[in-house]
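Residue-level structural notes
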Amino acid sequence: MSVSVLEGMYAAEAEYFATGDFAPLRRFFAADFVLHQAEGLPYGGAWRGHDGLRRFFAAMSRTWEAFDFVDQAFLATTSPLVVLTNVRARARATGRELEFPILQTITVAGGRITEVRPFYWDSAAIAAACST
């Protein structure tokens, strides 16, 4: 069940980046959801609830011109899930292209995502690519 929640969420996330419509994402996240991003990233910090998640995705959209999942592996399929994602991205501010892995722990309860903790391989390189 948890993996299917993530697969649906990733599809809704791709739709958000294509259309800017947050509504399809909302149903995958608990009202008290929290996302913990590394402080050194342009969108670092804790993002709480649906409003925080909406603001996070807006910050991601301002940061990245493209943010594509090249491939994903589900390393643990019960909550907390562990997902290894290889990303290909292009920064809006600099046009620099990067490829990097993100390892995420994702907690699911009651069929909704309650917490996400992404771990970037090199958050300093990502921040540098996004800065002019």
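Scroll up for the structure.
Keep in mind it's a predicted model, so treat the numbers as computed, not measured.

Moving on to empty space enclosed by the protein. Sizing a probe to match a water molecule and rolling it over the atoms shows the empty space that remains. With the rule as written, the count across this model stands at 1 cavity of 30 Å³ or more. Roughly 250 Å³ of volume is contained in the largest cavity. For the largest cavity, the lining is made up of 19 residues, of which E13, Q37, F56, Q104 and V116 are closest to its centre. Where the lining of the largest cavity is concerned, the elements lending two or more residues are helix 1 (2-19), strand 1 (29-37), helix 3 (49-63), strand 3 (64-76), strand 5 (97-109) and strand 6 (112-120). Looking at the lining of the largest cavity, its residues break down into 16 nonpolar, 2 polar and 1 charged.

Scanning the entire structure with this criterion turns up 11 aromatic pairs. Note on Y43 and F56: the rings are 5.8 Å apart at their centroids and 80° apart in plane angle, and the pair reads as edge-to-face. Pair noted here: Y43 is in the loop between strand 1 and strand 2 (45-48) and F56 is in helix 3, with a separation of 13 residues, a long-range link. Overall, the relative accessible area of 1% leaves Y43 in the buried class. On the numbers, 5.6 Å between centres and 50° between planes, the contact of W64 with F67 is tilted. With respect to class, W64 is no different from F67; both count as buried. The rings of Y10, W64, F67, F69, F100 and Y120 are connected pair by pair, giving a single aromatic cluster.

Right, let's talk about the pairing of strand 6 for a bit. With 3 bridges connecting them, strand 1 and strand 6 associate as parallel partners. Paired with V34 across the strands is E115, a residue of strand 6. Alignment of strand 5 against strand 6, held across 8 bridges, turns out to be antiparallel. Opposite Q104, over in strand 6, you have P118 as the bridge partner. Between strand 5 and strand 6, which pair antiparallel one after the other, the connecting turn spans 2 residues, and G110 there sits at a positive phi close to 60°.

Moving on: the pattern of salt bridges. The tally for this structure, following the rule as stated, stands at 5 salt bridges. For the salt bridge of E65 with R90, the shortest nitrogen-to-oxygen distance reads 3.6 Å. Highlighted residues: E65 in strand 3 and R90 in strand 4 (residues 81-91), separated in sequence by 25 residues. The class of R90 is partly exposed, set by a relative accessible area of 27%.

Criteria and cut-off values
- Residues numbered from 1 in each chain as written.
- Predicted model: local features only at pLDDT ≥ 70, side-chain atom pairs only at ≥ 80, totals over all residues.
- Heavy atoms only, no water.
- 1 Å grid on protein atoms, 1.4 Å probe; cavity = no way out; pocket = protein on both sides within 12 Å on 5 of 7 lines; lining within 4 Å.
- Points joined across faces, edges and corners; volume = space filled by probe spheres on them.
- Helix = DSSP H or I, 4+ residues; strand = E, 2+ residues; numbered from the N terminus.
- Nonpolar A, V, L, I, M, F, W, Y, C, P; charged D, E, K, R; others polar.
- Phe/Tyr/Trp six-rings, centres within 6.5 Å; stacked < 30°, edge-to-face > 60°.
- Buried < 20%, exposed > 50% of the residue type's maximum accessible area, 1.4 Å probe, protein only.
- Pairing = 2+ DSSP bridges.
- Salt bridge = Lys/Arg side-chain N within 4 Å of Asp/Glu carboxyl O.

In short, shape yes, function no, at least from these values alone.
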